[in-house]
Amino acid sequence: MLGGTEEPPPAFYSLSGVGPVPPVTASPAVRSNRAPTLVVNPPRAAPGFDSQHIIYVREPYRLAYFAHSEWIDTPARMIAPRIVAALEGTGAFHAVVLAPSVAASSLRLDVDIIRLQHEFDHSPSRARFTLRAYLVDSDSRQVLAWREFDEAVVAVEDNPYGGVMAANSAVQQVLQRLANFCADAAGNWQPAPETSQQTGEAPKRGKSKGRQEKRTSQG
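Treat the numbers as computed from the prediction; the structure is a model and nothing was measured.

According to the stated counting rule, one finds 10 salt bridges in the structure shown. With a shortest N-O distance of 3.0 Å, R126 and E119 are connected by a salt bridge. Close ionic contact of R177 with E151 constitutes a salt bridge, the shortest N to O distance being 2.8 Å. With R177 in helix α2 (residues 160-188) and E151 in strand β9 (residues 143-154), this pair connects stretches of sequence that are 26 residues apart. The class of E151 is buried, set by a relative accessible area of 16%. Bridged by salt links that share partners, the residues R115, E119, R126, R128 and D150 form one connected network.

Below, the discussion takes up the packing of helix α1 (residues 75-88) against α2. One way to put it is that α1 packs onto α2 with a least axis distance of 9 Å and a crossing angle of 45 degrees. Of the possible angle classes, the one that applies to α1 and α2 is oblique. Note that α1 runs across α2; the crossing there is right-handed. Residues I79, R82, I83, A86 and L87 of α1 touch α2, and the partners they reach there are V171, Q172, L175, L178, A179 and C182. Here the residues of the contact of α1 with α2 sort into nine nonpolar, one polar and one charged.

Moving on, we come to the side chain of E119. Residue position: E119 is located in strand β7 (residues 107-119). Within the structure, the side chain of E119 is placed 2.8 Å from the side chain of Q117, a separation counted as a polar contact. With near-sequence residues (within four places) excluded, E119 lies in contact with V57, S125, R126 and R128.

Summed over all chains, the structure comprises six aromatic pairs. With a centroid separation of 5.9 Å and 85 degrees between ring planes, the pair formed by Y56 and F120 is classed as edge-to-face. Placement of the pair is Y56 in strand β4 (residues 53-59) and F120 in the loop between β7 and β8 (126-137), with a sequence separation of 64 residues. Its relative accessible area of 17% is what places F120 among the buried residues. Ring plane angle 20 degrees and centroid distance 6.0 Å describe the contact between Y134 and W146, whose orientation is recorded as stacked. Here the residue Y134 occupies a position in strand β8, and W146 occupies one in strand β9, the gap between them amounting to 12 residues. The class for Y134 is partly exposed, based on a relative accessible area of 24%. By the ring-pair criterion, three or more aromatic residues cluster together here, those being Y56, F66 and F120. The ring of F120 is capped by R58, whose NZ or CZ atom sits 4.8 Å from the centre of that ring.

All right, on to the pairing of strand β2 (residues 37-40) then. Neither face of β2 is open: one carries T37 and V39, the other L38 and V40, and all of them are buried. In this sheet, strand β6 (residues 95-98) lies alongside β2 in parallel orientation, the contact comprising four bridges. Counterpart to T37 in the pairing with β6 is A95. In this structure, β2 lies alongside β7, joined through three bridges in parallel fashion. Bridge assignment links V39 to a residue of β7, and that residue is R108.

Here we take up the side chain of T130. Relative to the helices and strands, T130 is located in strand β8. Of the residues examined, T130 reaches a relative accessible area of 0% and is grouped as buried. A polar contact of 2.8 Å, which involves the side chain of T130, links it to the side chain of R115. Within polar-contact distance, the side chain of T130 engages the side chain of D150 at 2.5 Å.

We now examine the confidence of the model for the protein chain. Model confidence for the protein chain is summarised by a mean pLDDT of 83, while 77% of its residues fall at 70 or above. Predicted confidence is poor over residues 26-30, with pLDDT under 50, and the contacts of this stretch with residues over four places away or in other chains come to eight contacts. Low pLDDT, under 50, characterises residues 195-219; the predicted model gives this stretch five contacts beyond four residues in sequence or across chains.

Calculation rules
Residues numbered from 1 in each chain as written. Predicted model: local features only at pLDDT ≥ 70, side-chain atom pairs only at ≥ 80, totals over all residues. Heavy atoms only, no water. Salt bridge = Lys/Arg side-chain N within 4 Å of Asp/Glu carboxyl O. Helix = DSSP H or I, 4+ residues; strand = E, 2+ residues; numbered from the N terminus. Buried < 20%, exposed > 50% of the residue type's maximum accessible area, 1.4 Å probe, protein only. Axes fitted to C-alpha atoms, helices over the stretch in contact; angles between N-to-C directions. Parallel < 35°, antiparallel > 145°, perpendicular 65-115°, else oblique. Left-handed = near helix turned anticlockwise from the far one by under 90°. Contact = heavy atoms within 4.5 Å. Nonpolar A, V, L, I, M, F, W, Y, C, P; charged D, E, K, R; others polar. Polar contact = N/O pair within 3.5 Å; in protein donor to acceptor, adjacent residues only side chain to side chain. Phe/Tyr/Trp six-rings, centres within 6.5 Å; stacked < 30°, edge-to-face > 60°. Lys NZ or Arg CZ within 6 Å of the ring centre and 35° of its normal. Pairing = 2+ DSSP bridges. pLDDT = per-residue confidence, 0-100.

So this is what it looks like as structure tokens:
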């Protein structure tokens, strides 16, 4: 009544991908019963990328977000199940589960989302997705391998929807590379030999010593 205009309702977008991640051909050794179980920790997002805002950049180091366009959830939560699906498709693991889980695992995958942004400092604009992954031995807690993946995809339109489409494509490409990376690392992984404590057997040296002490006391 005062002559004001209503703001348009926000538009919500998803990171559902542009199709299934193509399967990776794993070696016969990896596909055996000795294949490890992998637990994927929930991805962690860098500050500024841990909300539902769709981030864009017009100049270096300055982040902004669209006022009327948002993700339906945080990128980390949307990407997590897609990571699991991509890794399952490799056939390199006995099972792939998302933490928290009660399943015993041989390997653990830690993922950091470094950036997911629509960049307007180039023409045409593009969406950039950067992810860092660490594959960890669950028993020794040693980092077996790590890699940073970065993909930039040109947007067909210089608007939020164009950026969302490009972001989905960039995520798809990164997940494909991540799946290959984890499958290769799993193929080189060897389980630690079982110790006497794990098998429940007493150390042989201790047994021999005990018999010697017994014979000495009898003498």
